[in-house]
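# Structural description and commentary
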Amino acid sequence: MKNLYLLIVAILSGAFAFAQQVPRPEYPRPQFVRSDWVNLNGTWTYVFDQGDSGLERGLTASKGFPGKITVPFCPESKLSGVGYTDFINAMWYHKNISIPIGWKDKKILLHFGGVDYRCDAYIDSQLVATHFGGTSAFTFDITSFVKAGSSHNLVLYIKDDTRSGIQPLGKQAYKYNSSGARYTRTTGIWQTVWMEAAAPLGLESCKIIPDLDQSRFTVMPAFFAFRGQRLRVTVKDGDRIAGQQTIPASNSAMAVIELENIKPWSPENPFLYDFILEVLDMNGEVIDKVTSYAGMRKVHIQDGWVYLNNQPRYLRFVLDQGFYPDGIWTAPTDEAMKHDIELSMQAGFNGARLHQKIFEERFHYWADKMGYLTWAEAADWGGDRTKQLTMKNITEEWIETVQQRINHPSIIGWTPLNELWITDETEYPRFNESIYNLTKALDQTRPIITAAGGEIYKADIWSVHDYSQDATTFAQKLQLKTGKFDFSQYHISKKARYEGQPIMVSEYGGIKWLSDQKYAGSWGYGKGPKSLDEFYSRLELLTGTILKSKHITGYCFTQLTDVEQEQNGIYTYDRRPKFDMKKVRKVFSATPSNR
């Protein structure tokens, strides 16, 4: 008995030590959780391939490269242990992966949270699959390439040509140095890599649609294959079963779970229902189990407002670019993402425009838990958006993003494009309308801000960007003229027709205030204030101008934190307050005149 006790202690101690050593050890996909998984974060080997000759040199057969890198952090970051910030046109990764013996007869899946930009995966020299896109997650089925109880060589070939003009970059610098509103690049793996085992007849995905008005959830599952199995959906309110239904497995099957005494999800009470999704074989045995959650909430447009749960909601947003000093695009810890939301809420905001980056699933998880409203936005900047291939790359990645993030209640708007300037009155409206229609086909439950601050054409919310630093000028531009808003001051297609959509100032402020002499050559928008008193006055006057405009239904202040040389955040790059946060909160929590 004593020996057994010591063995258990040793196993538990080893598991705890492993969890402590593996960076970002948490399960990366909180809305589709399986218990049988292996985190592949940690030490990998790598080599840069600036001549892009690795295929000719047989690197696909590698059993290890000279350099060591800590995954999931990109090689440009400090946390990766590399810190190389010049252009990386191509690179290779290697990891020896061990397949648990218990995964025999299972479907074995290799998941990537994010790899920028092209990723070719090889196992024991065999090409498994290729993925294009720097910010969307993807999965490779490696069942036929591996054997349970064996180890295999996983090699990744990465291509990332940031100067090609055809791939989306978001805010990554396309020049050698960061400058203006462009920052340190991200190449290769930048989110968690993991493996999991699933039943061959198990769940592939599941879409959960809340219906507040009819007090029900509609569950739309997808399966790997069909052979008479069924799906049992259980919805729980704490320990209580709130609803349950069992349906046959098919491409057209939907479970409709009726609820009594519903608990709506809102910023004031972000209640989440737990879901248990169990695939049953023909004998009624559970062969696959996934846990999830969902919020019962409704978003729609009515009378020139964004409505949340059938009530108009004023949006007090902040621009969040999701950069970190030590991890670049990757948060150093799960807690760091939660902390960013806490900082925003402490400053008086009720949500954020997640700018030019698809944020990690776990950021959305914390937003769901904390009642933090967001617009999800593509990282569409960087390529020439007049080129057909660039449009294709943006669109394909956006489709994956919407499908992957669709169940998060905190996401209340989709923004596929940012500041897309018109090039003509034919192709631009065509691209604008096509990506609007595509997004609406994927999700009819959320408004679409098609090109935030860019050429307005077809959108559910009309948004403008205005970095006027003088409140009088700002007020003159925002005021109604003969009872109408003058969109001609901003960017609007000649073919656009305003039909009463909500109007939002989705970028303003950007007030420069240098708190770190390291960035003495930094910038913000306009001429920075000379004193803190002048800063507070400008902040209050600019925000007050919007709040007094009864036809404006929300704002987004630039920005949450400084990012490298752009010094216009209310917090420093390392998340320290730059100002008296009581004064800041008073400004951003003020009640608008139209509420």
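Residues numbered from 1 in each chain as written. Predicted model: local features only at pLDDT ≥ 70, side-chain atom pairs only at ≥ 80, totals over all residues. Heavy atoms only, no water.

### Observations regarding helix H2 (residues 334-346)
- For H2, built from 13 residues, the straight-helix expectation of 18 Å at 1.5 Å per residue is met to within 8% by its first-to-last C-alpha distance of 19 Å.
- For H2, every residue scored as buried is listed here: Asp334, Ala336, Met337, Asp340, Ile341, Leu343 and Ser344.
- Its buried side turned inward, H2 meets strand E23 (315-320), strand E24 (351-354) and helix H3 (361-370).
- Within two residues after H2, Gly348 carries a phi angle of roughly 105°, on the positive side. (Helix = DSSP H or I, 4+ residues; strand = E, 2+ residues; numbered from the N terminus. Expected span 1.5 Å × (residues − 1). Buried < 20%, exposed > 50% of the residue type's maximum accessible area, 1.4 Å probe, protein only. Contact = heavy atoms within 4.5 Å.)

### A look at the layout of surface pockets
- For the largest pocket, the calculated volume is near 1100 Å³.
- Contributing to the lining of the largest pocket are 45 residues, with Glu204, Ser205, Cys206, Gln403 and Gln404 lying nearest its centre.
- Mapped by element, the contributors of at least two residues to the lining of the largest pocket are strand E5 (107-112), strand E9 (138-141), strand E12 (193-198), strand E13 (203-211), strand E14 (216-223), H3, helix H4 (388-405) and helix H5 (427-442).
- Counting residues per element, the lining of the largest pocket draws most heavily on E13, which supplies 5 residues.
- In terms of residue class, the lining of the largest pocket is built from 19 nonpolar, 12 polar and 14 charged.
- Roughly 420 Å³ of internal volume is contained in the second largest pocket.
- Residue lining of the second largest pocket: 22 residues in total, with Pro325, Lys518, Tyr519, Glu564 and Tyr573 positioned closest to the centre.
- Across the lining of the second largest pocket, the residue classes tally to 5 nonpolar, 9 polar and 8 charged. (1 Å grid on protein atoms, 1.4 Å probe; cavity = no way out; pocket = protein on both sides within 12 Å on 5 of 7 lines; lining within 4 Å. Points joined across faces, edges and corners; volume = space filled by probe spheres on them. Nonpolar A, V, L, I, M, F, W, Y, C, P; charged D, E, K, R; others polar.)

### Thoughts on H5
- The terminal C-alpha atoms of H5 lie 22 Å apart, and with 16 residues this matches the ideal 22 Å at 1.5 Å per residue to within 8%.
- Elements that come into contact with the buried residues of H5 comprise E13, H4, strand E26 (411-415), strand E27 (417-418) and strand E28 (451-452).

### Here's the deal with the packing of H4 against H5
- Two elements in contact, H4 and H5, have axes separated by 10 Å at closest approach and are oriented at 20°. Taken together, H4 and H5 sit at an angle that is classed as roughly parallel. Judged by the sense of rotation from one axis to the other, the crossing of H4 with H5 is right-handed. Residue-level contacts link Gln388, Met391, Ile394, Thr395, Trp398, Ile399, Val402 and Gln403 of H4 to Glu427, Phe431, Ile435, Leu438, Thr439 and Leu442 of H5. (Axes fitted to C-alpha atoms, helices over the stretch in contact; angles between N-to-C directions. Parallel < 35°, antiparallel > 145°, perpendicular 65-115°, else oblique. Left-handed = near helix turned anticlockwise from the far one by under 90°.)

### What to know about the nonpolar core
- By size, the foremost hydrophobic cluster in this structure holds 87 residues, and its most contacted members are Tyr508, Ile546, Ile570 and Phe588.
- A per-element tally of this core places helix H7 (residues 532-548) first, with 6 residues.
- Those residues in contact with Tyr508 that lie beyond four places of it in its chain are Asp466, Tyr467, Phe474, Leu542, Thr543, Ile546, Tyr555, Cys556, Phe557, Thr558 and Phe588.
- With 32 residues, the next largest nonpolar core counts Trp103, Ile108, Cys119 and Met195 among its residues. (Core = buried A, V, L, I, M, F, W, Y, C linked by side-chain atoms within 4.5 Å.)

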